[in-house]
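# Report on the structure
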Amino acid sequence: MILFSGVLCSGLTPVRDWASYEGVIYWDNNATTPLLPEVYAAMEPFLKERFFNPSAGYGEARRVREAVEEARAGVAALLDVSPAEIVFTSGGTEATNAAFRQMARKGKGVAVLSTDHDASLKTSITLGNGRICSVDREGRALPEEWEALCAGEVSGVSFAWANNETGVLQDAAALCAAARRHGLPVHLDAVQCAGKIPVSLHGMDVDYASVSAHKLHGPKGIGCLYRRSGAPLEPVLFGGGQECGLRSGTENVPGIIGFGAAARVALRHLEEAGRVRRLRDSFESSLAQAIDGVTVHSGAAERIPNTSNLAFSGCTAEALMLLLEPAGLLCSAGSACHTVQPMPSHVLTAMGLSDGEVRSSLRFSLSFTTTEDEVREAVQLVAEAVGKVRCVQSSRTGPVFVYRP
């Protein structure tokens, strides 16, 4: 339970126009991204007049099938793979589950990282005999422990190339090489990488990879599983034999079209990565100058360009978010999957942070549309919120928050 003191509300920046979202700084792009206008425009005909089932035999249906295959080619180009290696799914979670079920074998499970997404962690545990590799203070896999897991009783490995909370990038080449030395298949969680950094799955020694459209300005409810040509994949869903028999069920045509359109846009905007990284770094350094007690998690590690996870000494993430939202800055205190049932971030906890550090941390995830003006305003809003929380706590005007686990 959270008790909020109204004292915090005084002196805030005026509430934004939420009806139009004008002036709102949306920095929670690792949770989901807004649908781009060109993506919606590509989808709209398939929600209306081009409604035909792509499996039907008449001309209009065949043209819908052609559009689906064009979208598949667009997604394949973003990942630098063959279109035949793309299997459309309902999202990254389904793709990950399908890969894990393929890799898991009786008596042996799948090795994952302690900071991986729950789609990987929970699936590894549920399928049985899963193994979890620890990470260092920056969130990077411990090489010796990973090697030992690969040499032990596992039938496959999986890791998130980029962490959704800290943005830290694993040494994918080294982790894949260790698995190959022991003859293990590899699944790559590329959900947070695709569209943010160049991804060439054919240049990586992986068998399976998961991608989700709504993380790169596409629609929700659509994603894909990359399956390396020749890698085994037994279907989880049976029915009409869609997706070459690998994933039955009538295709989500508007979603697939939107995924393809978003992938093509993302491929064009990869050149923006350097600019986004500079804006992210400017945000972090400006905050460190404006207020005391700011810690950048995984700051010494390589990260995807858009992600910043910061701890604010003397504050709680919940208090800051309650101030920042009405002021027009949207961020998060961790994975969006845990917002309904708040709990300390398992990612930051696995990195060895204290409970206080974990509860004082916020994630800011920018996009290629972020501007310098937004960065300056965000710095001002965060500094203002931190100052307000600290002022209330130090003045002892009453409780700000009470946690009841």
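Here, the structure is the one placed above.
Conventions and cut-offs
- Residues numbered from 1 in each chain as written.
- Predicted model: local features only at pLDDT ≥ 70, side-chain atom pairs only at ≥ 80, totals over all residues.
- Heavy atoms only, no water.
- Phe/Tyr/Trp six-rings, centres within 6.5 Å; stacked < 30°, edge-to-face > 60°.
- Helix = DSSP H or I, 4+ residues; strand = E, 2+ residues; numbered from the N terminus.
- Buried < 20%, exposed > 50% of the residue type's maximum accessible area, 1.4 Å probe, protein only.
- Polar contact = N/O pair within 3.5 Å; in protein donor to acceptor, adjacent residues only side chain to side chain.
- Contact = heavy atoms within 4.5 Å.
- Axes fitted to C-alpha atoms, helices over the stretch in contact; angles between N-to-C directions.
- Left-handed = near helix turned anticlockwise from the far one by under 90°.
- Nonpolar A, V, L, I, M, F, W, Y, C, P; charged D, E, K, R; others polar.
- Expected span 1.5 Å × (residues − 1).
- Pairing = 2+ DSSP bridges.
- Core = buried A, V, L, I, M, F, W, Y, C linked by side-chain atoms within 4.5 Å.

Attention shifts here to the packing of aromatic side chains. All chains considered together, the criterion is met by seven aromatic pairs. Between Trp27 and Phe364, the aromatic rings sit 6.4 Å apart at their centres with planes inclined by 90 degrees, giving edge-to-face as the arrangement. Here the residue Trp27 occupies a position in the loop between β1 (25–26) and α1 (37–47), and Phe364 occupies one in strand β12 (residues 361–365), the gap between them amounting to 337 residues. Look at Trp27 and you get buried, because its relative accessible area is 0%. Phe364 sits in the buried class, given a relative accessible area of 0%. Ring geometry for Phe51 versus Phe52: centroids 4.4 Å apart, planes at 25 degrees, classification stacked. When its relative accessible area of 57% is taken as the criterion, Phe51 is described as exposed. Following the ring pairs from residue to residue traces out a cluster consisting of Trp27, Phe283 and Phe364.

Attention now moves to the side chain of His297. As for its placement among the helices and strands, His297 is situated in the loop between β9 (294–296) and β10 (307–312). On the basis of relative accessibility, which here comes to 5%, the residue His297 falls in the buried class. Within the local environment of His297, its side chain forms a polar contact with the side chain of Ser361, the two groups lying 2.8 Å apart.

Assignment of secondary structure puts Gln242 in the loop between β8 (223–227) and α7 (253–269). A C-alpha to C-alpha distance of 8.2 Å links Gln242 and Ser55, two positions 187 residues apart in sequence. When sequence neighbours within four positions are dropped, the list of residues in contact with Gln242 reads Ser55, Arg247, Ser248, Gly249, Thr250 and Glu251. There is a polar contact of 2.9 Å between the side chain of Gln242 and the backbone nitrogen of Gly249.

The subject of this paragraph is the packing of helix α2 (residues 59–79) against α7. Where α2 contacts α7, the two axes come as close as 8 Å, and the packing angle between them is 35 degrees. Crossing of α2 over α7 shows left-handed handedness. Contacts from Val64, Ala67, Val68, Glu70, Ala71, Gly74, Val75, Ala77 and Leu78 of α2 reach α7 at Val253, Ile256, Ile257, Phe259, Gly260, Ala263, Arg264, Ala266 and Leu267. Taken together, the residues of the contact of α2 with α7 break down into 14 nonpolar, two polar and two charged.

A separate point is α2. Between its first and last C-alpha, α2 extends 31 Å over 21 residues, near the 30 Å set by a 1.5 Å rise per residue. Taken residue by residue, α2 has Ala61, Val64, Ala67, Val68, Ala71, Arg72, Gly74, Val75, Ala76, Leu78 and Leu79 as its buried positions. Elements that come into contact with the buried residues of α2 comprise α1, β2 (86–89), β7 (208–212), β8 and α7. One or two residues past the end of α2 sits Asp80, with phi positive at roughly 60 degrees.

With that out of the way, let us pick up the sheet that holds strand β6 (residues 186–189). Spatially, β2-β8-β7-β6-β5-β3-β4 is the arrangement adopted by the seven strands of the open sheet, whose pairing is mixed. Of all the strands in the sheet, the pair left with one neighbour each is β2 and β4 (131–133). Mean inter-strand twist for the sheet, computed between neighbouring axes without regard to direction, equals 20 degrees. Bridging between β2 and β8 involves four bridges; their strand directions are antiparallel. When the bridges of β8 are listed, Thr89 appears paired with Gly223. α2 rests against β2, β7 and β8 of the sheet, and its axis sits at about 110 degrees to β2. Packed on one face of the sheet, helix α4 (residues 118–127) meets β3 (109–113), β4, β5 (154–160) and β6 and runs near 150 degrees to β3.

Generally speaking, nonpolar side chains in soluble globular proteins are found buried as a group. Formed by 64 residues in total, the largest nonpolar core has its most connected members in Leu79 and Leu201. Every residue in contact with Leu79, bar those within four places of it in the chain, is listed here: Ile86, Ala194, Val199, Ser200, Leu201, Val211 and Cys224. One finds Leu323, Leu324, Ala327 and Val379 within the second-largest nonpolar core, a separate group that totals 30 residues.

Despite not being glycine, Asp80 has its phi angle at roughly 60 degrees, a positive value. Among the secondary structure elements, Asp80 is positioned in the loop between α2 and β2. Take Asp80: its relative accessible area is 40%, and that puts it in the partly exposed class. Its identity as a non-glycine residue notwithstanding, Ser298 has a phi of 60 degrees, on the positive side.

Moving on to the side chain of His187. Within the secondary structure layout, His187 lies in strand β6. Side-chain polar atoms of His187 contact the side chain of Ser158, separated by 2.8 Å. Beyond its immediate stretch of four places on either side in the chain, His187 contacts Thr96, Ala99, Phe100, Met103, Val157, Ser158, Phe159, Tyr208, Ala209 and Ser210.

The strand order across the open sheet built from three strands is β9-β10-β12, with neighbouring strands paired in antiparallel fashion. Two strands bound the open sheet, and with one partner strand each, they are β9 and β12. Neighbouring strand axes in the sheet, compared pairwise and without regard to direction, differ in orientation by 30 degrees on average. Relative to β10, β9 is paired through three bridges, and the arrangement is antiparallel. Residue pairing in the sheet places Val296 in a bridge with Leu310 of β10. Running over the sheet, helix α8 (residues 273–290) touches β9, β10 and β12 and is turned about 10 degrees from β10.

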